[in-house]
Amino acid sequence: MICAEAISCNGRPCEIEVQGLTRRFGKTLAVDSIDFRVGRGELFAFLGPNGAGKTTTINMLTGLLKPDAGEVRYQGERFDPHRLAVKRLIGVVPQHNNLDRELTAAENLLIHGRLFGMSGKGLQQRIGSCLEFADLTAKRDTPAGKLSGGMKRKLVIARALLHQPEILFLDEPTVGLDPHSRRKMWAFLRRINQQQQCTVFLTTHYIEEAEALADRVLIIDQAKIIAGGTPEQLKRSAGNYVLDIYREDEVQNEFFADRPAALQRLEQLDTSVRIRETTLEDVFLQLTGKRIAP
Ligand SMILES: Nc1ncnc2c1ncn2[C@@H]1O[C@H](COP(=O)(O)OP(=O)(O)OP(=O)(O)O)[C@@H](O)[C@H]1O
Ligand SMILES: [Mg+2]
């Protein structure tokens, strides 16, 4: 089930268009003919449990992996990973940090800039402004291996922004970060989206991350897209209110369009019950019968 919204560009010019994208690894179907569009300037979350196919998708979108079938278009043009122009259009933050630990923060950016044909004063200025944007100016001359987990992640992001991409792909930007650093990272990603006018496409298996950050969410499970829309649309489609009904050793959920309907049902029950607002976790549970992070 895909909301109509998920396959439109949300009222914006179309930045990314994906049709029938498919990839197998031997007998494993990692991504099964997925379709979606991302509008320019959107902050878009690709949400799914471990092994759902998120990294495989992002790797195909960024030219690291060849699809078995399907098509990717950027700004209407068919994606050819060998074309420099399209490489400049995108910035990539991989799931695992791939910094050179021996090199300083600034040197890591310098090497990336040279790979993109940048040099001289322009490159130095860009390194300065990206480090500043990521609050890493004080760590400019610190070897990357000596930065904290959150700083390393921000340095990888600063590096991806160096050549001023229009689209930033981030594979699990907050994995391994503590809750405080994760929230700071959310604020940083919002700033990138708003101040750098970057379309942001991120993958995550953290429900609250998708809910807190994304204009639109696409949910992937077992290689297939199972739902999409704004967090509000997805929750509305499940029912905005939920009762947790505690029965012996299990909790049953019942969903309702509004609070009065949920309260009416609650009054009929003679067991322990909690009323609360629906989350994206509930949406996932309702669609798949399992939790996203078991
Ligand atoms: N290089 C590979 N060789 C074989 N199988 C692979 C390879 N890469 C991914 N897979 C398989 O494809 C499926 C999707 O993997 P993928 O890494 O895309 O998932 P994911 O959603 O990114 O998961 P996670 O949240 O754990 O990062 C899994 O079943 C995985 O085992
Ligand atoms: Mg992954």
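Small disclaimer: the values here were computed from a predicted structure and weren't measured.

Phe-25, Ala-30, Lys-54, Thr-55 and Thr-56 are the nearest of the 13 residues found near ligand 1. If you list the elements that add at least two residues to the shell around ligand 1, you get β2 (28–39) and α1 (54–61). Top element by residues in the shell around ligand 1 is α1. It accounts for 3 residues. Split by residue class, the shell around ligand 1 holds 3 nonpolar, 9 polar and 1 charged.

Here the focus is the nonpolar core. Formed by 71 residues in total, the largest nonpolar core has its most connected members in Ala-158, Phe-169 and Val-200. A total of 6 residues in this core trace back to one element, the largest contributor, which is helix α5 (residues 149–161). Discounting chain neighbours no more than four positions away, the residues touching Val-200 are Leu-43, Phe-44, Leu-168, Leu-170, Leu-189, Ile-192 and Asn-193. Membership of the second largest hydrophobic core comes to 5 residues, among which are Tyr-241, Val-242, Leu-243 and Phe-256.

Below, the discussion takes up the sheet that holds strand β6 (residues 90–93). Sheet architecture is open: 6 strands sit in the order β6-β7-β8-β3-β9-β10, paired in mixed fashion. Sheet topology places β6 and β10 (224–229) at the edges, where each strand pairs with a single neighbour. Pairs of neighbouring strands in the sheet enclose a mean axial angle of 15°, with direction left out of account. Bridge count between strand β7 (residues 167–171) and strand β8 (residues 199–204): 5 bridges; the pairing is parallel. By the bridge assignment for β8, Asp-171 is matched with Thr-203. Against the sheet, helix α10 (residues 280–288) contacts β9 (216–221) and β10, and its axis sits at roughly 140° relative to β10.

This next bit is on the sheet that holds strand β4 (residues 69–74). The 4 strands lie next to each other as β2-β1-β4-β5, forming an open sheet whose pairing is antiparallel. Among the strands making up the open sheet, the edge pair consists of β2 and β5 (77–78). Bridge count between β4 and β5: 2 bridges; the pairing is antiparallel. Bridge pairing in β5 links Arg-73 to Arg-78.

To continue, consider the pairing of strand β11 (residues 241–247). Strand direction decides the pairing type here: β11 and strand β12 (residues 250–256), joined by 7 bridges, are antiparallel. If you follow Leu-243 over to β12, its bridge partner there is Glu-254. Between β11 and the antiparallel strand that follows it, β12, lie 2 residues; Glu-248 among them carries a positive phi value of about 40°. As judged from the 6 bridges shared by β11 and strand β13 (residues 272–277), these two strands associate in the antiparallel manner. The partner of Val-242 across the bridge, within β13, is Arg-276.

Right, let's talk about the confidence of the model for the protein for a bit. Residues at a pLDDT of 70 or more form 97% of the protein, whose mean pLDDT is 92. Every residue in residues 1–7 is under pLDDT 50, and counting partners more than four places away or in other chains gives 22 contacts.

Turning our eyes to something else, we now look at the pairing of strand β3 (residues 43–47). Of all 5 residues in β3, 5 are buried, a share of seventy percent or more. Residues Leu-43, Ala-45 and Leu-47 line one face of β3 and the alternating positions Phe-44 and Phe-46 line the opposite face, and both faces are buried. Across 5 bridges, β3 lies against β8 in parallel orientation. For Ala-45, the partnering residue across the bridge sits in β8 and is Leu-202. Bridge count between β3 and β9: 4 bridges; the pairing is parallel. Residue Leu-47 lies in a different strand from β9, and its bridge partner there is Ile-219.

Rules and cut-offs
- Residues numbered from 1 in each chain as written.
- Chains lettered and ligands numbered in written order.
- Predicted model: local features only at pLDDT ≥ 70, side-chain atom pairs only at ≥ 80, totals over all residues.
- Near = placed C-beta within 6 Å.
- Helix = DSSP H or I, 4+ residues; strand = E, 2+ residues; numbered from the N terminus.
- Nonpolar A, V, L, I, M, F, W, Y, C, P; charged D, E, K, R; others polar.
- Core = buried A, V, L, I, M, F, W, Y, C linked by C-beta atoms within 7 Å.
- Buried ≥ 20, exposed ≤ 12 C-beta atoms within 10 Å, placed from the backbone.
- Contact = placed C-beta atoms within 7 Å.
- Pairing = 2+ DSSP bridges.
- Axes fitted to C-alpha atoms, helices over the stretch in contact; angles between N-to-C directions.
- pLDDT = per-residue confidence, 0-100.

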